Amino acid sequence: MGAAAQATITLPVGAVVMGVESSCDETGVGFVRITDDGPELVGHALASSADEHARFGGVVPEIASRAHLQALLPTVHRAFEAAGLAPADVSAVAVTAGPGLAGSLMVGLAAAKAYASAWAVPLIGVNHLAGHVAADTLEHGLLPSPALALLVSGGHTQLLKVSSLAGVGPEAIVELGTTIDDAAGEAYDKVARLLGLGYPGGPVIDRLAADGDPLAIDFPRGLTRARDETDHRYDFSFSGLKTAVARYVESQQAAGVEISVPDVCASFQEAVADVLTAKTVRAATELGIETVVIAGGVAANGRLRALATERCAAAGLTLRIPRIGLCTDNGAMIAAVGAHVAAAGFVPSDPSVGADPGLPVELVRAG
Ligand code: KG4
Ligand code: ZN
């Protein structure tokens, strides 16, 4: 690169940003329009390779990358159709640069770079995790600053103080707590696997739990003992819960007792929702943050949504959760971060920006 600094670009109200997502097993492409009230969803399309991973009980990276390669162009075309837009309408291309699976990220990045170059529009490498939170702004408008976000996905479980989804300022996104072992979605997927329910585990456990008794089995709530109050006040742990479910199932089977899968699902789900909502409400109250956002794939969970609604109302907090279709991975959420960044003013990502599988949550932008 030459020494000349690139100029800052600010996109006006009305400009359309395309978003490309390929960090895990969903290929997503979305279009959002910048408005004074935040990004507005114009249309999006998705392709999933989840079925191809089901028999392995988790995502197989090689299968995911190949599926992205096959799905990307058709998904771009379907997204254009859904949005009623043409390439000439696009003012910037945002793409997930991380975190995620390296090979999968590379497919989306290569496509986004090619489109940005062909259409002569700026490229914006963005963080997938900021995307989950930004998905909510497509539905409920701009977030107050600061807001408290509970990000619960297959790979992450974090409490975040979010001041700027555009990544403006040194404390745009600050991590207050995280899981010290498994993510909440990972726990769902592992428990589903040990119950023989396939992948992904969240939706099937959510469904089966509806017919079970959440009080049937008293599963542990991770990091809620007295000494965790100081060391891990806003942190989470789900590996002990997963082990407790495994032990319960083994002990019942050893005793020749048939387990009630709905009861196990409901009791497991109750433990997850209880600890997630208790710690979130406590953090918001202690830090004086009035608005809570729950985002990521696990935010699609029925019990989590219900318990969060109940507990936030009791604590006088405003709760925002995107509609279920925008909780799991999609391209619109990536376009939404791109729109926040583009409306605030940005220096385009360099075309050499690479995949960063471990991109930290504090960085809204990459490259
Ligand atoms: O955000 P996401 O689509 O991908 C990642 O960035 O990881 O989250 C996927 C995770 C999976 O672990 C899946 O089992 C979980 O979200 N999930 C759910 C539900 N729907 C998806 N967990 C609980 N209840 C659901 N309804
Ligand atoms: Zn995700």
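See the structure shown above.
Rules behind the numbers
Residues numbered from 1 in each chain as written. Chains lettered and ligands numbered in written order. Predicted model: local features only at pLDDT ≥ 70, side-chain atom pairs only at ≥ 80, totals over all residues. Heavy atoms only, no water. Donors = N, O, S within 2.8 Å, 3.2 Å for Na, K, Ca; no water. Helix = DSSP H or I, 4+ residues; strand = E, 2+ residues; numbered from the N terminus. Buried < 20%, exposed > 50% of the residue type's maximum accessible area, 1.4 Å probe, protein only. Axes fitted to C-alpha atoms, helices over the stretch in contact; angles between N-to-C directions. Parallel < 35°, antiparallel > 145°, perpendicular 65-115°, else oblique. Left-handed = near helix turned anticlockwise from the far one by under 90°. Contact = heavy atoms within 4.5 Å. Polar contact = N/O pair within 3.5 Å; in protein donor to acceptor, adjacent residues only side chain to side chain. Pairing = 2+ DSSP bridges. Phe/Tyr/Trp six-rings, centres within 6.5 Å; stacked < 30°, edge-to-face > 60°. Near = heavy atom within 4 Å. Areas by Shrake-Rupley, 256 points an atom, 1.4 Å probe, with all protein chains shown as cover. Nonpolar A, V, L, I, M, F, W, Y, C, P; charged D, E, K, R; others polar.

Asks: Now, about the coordination of the zinc ion (ligand 2): what can you tell me, with residues and values included?
Replies: The protein atoms that coordinate the zinc ion (ligand 2) are His128 (NE2), His132 (NE2) and Asp329 (OD), at distances spanning 2.0 to 2.1 Å. Written as a sequence motif, the donor arrangement for the zinc ion (ligand 2) is H-x3-H-x196-D. In this pair, histidine 128 and histidine 132 both sit in helix H4 (residues 128-140), four residues apart, roughly one turn of the helix. Histidine 132 shares its class with histidine 128; the two are buried.

Asks: Quick one: what's the story with the packing of helix H2 (residues 61-83) against helix H3 (residues 102-119), residue by residue and with numbers?
Replies: Where H2 meets H3, the axes come as close as 8 Å, and the angle between the chain directions of the two elements is 30°. Relative to H3, H2 is oriented roughly parallel. Where H2 crosses over H3, the handedness of that crossing is right-handed. Taking contact as the criterion, the partners of Pro61, Ala64, Ser65, His68, Leu69, Leu72, Leu73, Val76 and Phe80 in H2 are, on H3, Gly103, Ser104, Val107, Gly108, Ala111, Tyr115 and Trp119.

Asks: Provide a residue-level description of the side chain of histidine 132, including the pertinent values.
Replies: Note on histidine 132: relative accessible area 1%, which makes it buried. At 3.0 Å, the side chain of histidine 132 and the side chain of histidine 128 are in polar contact. Leaving out residues up to four positions away in the same chain, histidine 132 has contacts with Leu151, Ser153, Ala295, Gly296, Gly297, Cys327, Thr328, Asp329 and Met333.

Asks: Go over the sheet that holds strand E4 (residues 90-98) with me, naming the residues and quoting the values.
Replies: Strand order in the open sheet made by the six strands is E3-E2-E1-E4-E5-E11, with mixed pairing throughout. Single-partner strands in this sheet number two, and they are strand E3 (38-48) and strand E11 (365-366). In the sheet, strand E1 (residues 16-21) pairs with E4 via five bridges, with the strands oriented parallel. Paired with valine 20 across the strands is valine 95, a residue of E4.

Asks: Go over the packing of aromatic side chains with me, naming the residues and quoting the values.
Replies: Tallied over the entire structure, the rule returns six aromatic pairs. Here tyrosine 188 and phenylalanine 268 contribute two aromatic rings whose centre-to-centre distance is 4.9 Å and whose plane-to-plane angle is 75°, an arrangement assigned as edge-to-face. Separated by 80 residues along the polypeptide, tyrosine 188 in helix H5 (residues 184-194) and phenylalanine 268 in helix H9 (residues 261-287) bring together distant segments of the chain. Residue tyrosine 188 shares its accessibility class with phenylalanine 268, and that shared class is buried. The interplanar angle of 90° and the centroid separation of 6.0 Å between the aromatic rings of phenylalanine 219 and tyrosine 248 together place this pair among those described as edge-to-face. In this pair, phenylalanine 219 sits in the loop between helix H6 (201-209) and helix H7 (228-231) while tyrosine 248 sits in helix H8 (residues 239-254), placing the two residues 29 residues apart along the sequence.

Asks: Got a sec to walk through the site of ligand 1? Specific residues and values, please.
Replies: In the neighbourhood of ligand 1, 20 residues make up the surrounding shell, with His132, Gly154, Asp189, Gly202 and Asp206 lying closest. Histidine 128 places a polar side-chain atom, nitrogen or oxygen, 3.1 Å from an oxygen atom of ligand 1. One of the side-chain N or O atoms of asparagine 301 is found 3.0 Å from a nitrogen atom in ligand 1. Surface burial for ligand 1 is 90%, taken as the share of its 550 Å² of free accessible area covered by protein chains. Contributions of two or more residues to the shell around ligand 1 are made by H4, H5 and H6. Each residue belonging to the shell around ligand 1 can be placed in one class, and the counts come to five nonpolar, twelve polar and three charged.

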